[in-house]
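Chain by chain, the residues run as shown.
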Amino acid sequence: IGAAIVCWLGLFGPGVILIFGILPFWGQFRSNTVYKRALPGLNAAAVGLLIASLVQMAAAVRENNTKPQGPVPREASTCIGLIAFWGVHWLKLPKQSLTKIQAPLVIIVSGFLGILAGML
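The structure presented is a predicted model; accordingly, all values stated were derived computationally and were not measured. (Residues numbered from 1 in each chain as written. Predicted model: local features only at pLDDT ≥ 70, side-chain atom pairs only at ≥ 80, totals over all residues. Heavy atoms only, no water.)

**A few points about the overall build of the chain**
The number of helices and strands found in the chain is six helices and zero strands. When the helices and strands of the chain are read in sequence order from the N terminus, they spell out α-α-α-α-α-α. Expected size for 120 residues packed as a compact globule is a radius of gyration near 14 Å; at 22 Å, the chain overshoots this value by more than 25%. C-alpha atoms of the chain, sized along the principal axes, occupy 65 × 45 × 35 Å. Across the 120 residues in the chain, those meeting the buried criterion constitute 9%. Expressed as a percentage of contacts within the chain between residues at least 6 apart in sequence, the contacts between residues at least 24 apart total 42%. As presented, the chain carries roughly 10,000 Å² of accessible surface, and 75% of it is formed by carbon and sulfur atoms. (Helix = DSSP H or I, 4+ residues; strand = E, 2+ residues; numbered from the N terminus. Rg over C-alpha atoms; globule rule 2.2 N^0.38 Å. Buried < 20%, exposed > 50% of the residue type's maximum accessible area, 1.4 Å probe, protein only. Contact = heavy atoms within 4.5 Å. Areas by Shrake-Rupley, 256 points an atom, 1.4 Å probe, with all protein chains shown as cover.)

Rendered as structure tokens:
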């Protein structure tokens with residue numbers, strides 16, 4: 001229990017200290033013209049770093065999660081992942097009640113696609 005508390009403090013402590021430390025100066029900071037001019041660039045840099053980390057993680061997962069002589073080829077595994085991403089983020093189901101089971105449905109369909117790819 002003690003180690004969990006230390007880990008929790010180590011995870012959330014710096015952010016909380018930063019928020020409460022800058023909160024008294026936040027109004028003055030937001031009215032700063034240099035900050036206002038730099039904000040679009042900071043946002044673009046943050047998005048770029050997120051996309052770069054996503055691509056690196058996807059490449060590492062693709063390399064480590066599939067084996068060249070394994071039952072599911074790498075290309076099939078990548079395609080199933082892209083189909084699952086599309087199914088969760090952009091597929092719009094016709095009935096409102098179906099959207100509640102959309103994520104489990106995508107997982108089940110992806111599993112069947114993996115079985116099918118392994119049999120081919």
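The discussion continues.
**Description of the packing of aromatic side chains**
Under the definition given, this model contains five aromatic pairs. Residues Trp26 and Phe29 carry aromatic rings whose centres are separated by 5.7 Å and whose planes lie at 35° to one another, so their mutual orientation is tilted. A residue pair is termed a helical-turn pair when its members lie 3 or 4 positions apart in one helix, as Trp26 and Phe29 do in helix α2 (residues 26–30) at three residues. Between Trp26 and Tyr35, the aromatic rings sit 6.4 Å apart at their centres with planes inclined by 70°, giving edge-to-face as the arrangement. By relative accessible area, Tyr35 is classed as buried at 17%. In this structure an aromatic cluster arises from ring pairing among Trp26, Phe29 and Tyr35. (Phe/Tyr/Trp six-rings, centres within 6.5 Å; stacked < 30°, edge-to-face > 60°.)

**Focus on helix α6 (residues 102–119)**
Quick reminder: α-helices carry 3.6 residues per turn. Residues three or four places apart thus point the same way. Helix length check: α6 (18 residues) gives 26 Å between terminal C-alpha atoms against 26 Å at 1.5 Å per residue, within 8%. Among the residues of α6, Gln102, Val106, Ser110, Gly114 and Ala117 are the ones counted as buried. Around the axis of α6, the buried residues are gathered within 115° of arc, so they sit on the same side. Counted as exposed and oriented over 90 degrees from the buried face of α6: Phe112, Ile115 and Met119. The inward-facing, buried residues of α6 abut α4 (74–89) and α5 (96–99). (Expected span 1.5 Å × (residues − 1). Arc of directions from axis to C-beta.)

**Some words on the packing of α4 against α6**
In contact at an axis separation of 10 Å, α4 and α6 are set at 165° when each is read in the N-to-C sense. One finds that α4 runs roughly antiparallel with respect to α6. The way α4 lies across α6 gives a crossing that is right-handed. For the pair formed by α4 and α6, the contact residues are Ala76, Ile80, Ile83, Ala84, Gly87 and Val88 on the first element and Gln102, Val106, Ser110, Leu113, Gly114 and Ala117 on the second. (Axes fitted to C-alpha atoms, helices over the stretch in contact; angles between N-to-C directions. Parallel < 35°, antiparallel > 145°, perpendicular 65-115°, else oblique. Left-handed = near helix turned anticlockwise from the far one by under 90°.)

**Quick word on α4**
If you check α4, its first and last C-alpha atoms are 23 Å apart, about what 16 residues at 1.5 Å a residue would give, namely 22 Å. What α4 keeps buried is the set Ile80, Ala84 and Gly87. Buried residues of α4 fall within an arc of 65° about the axis and therefore sit on the same side. Along α4, the residues that are exposed and aim more than 90 degrees away from the buried face are Glu75 and Leu82. Buried residues in α4 make contact with α6.

Structural measurements only, silent on function.
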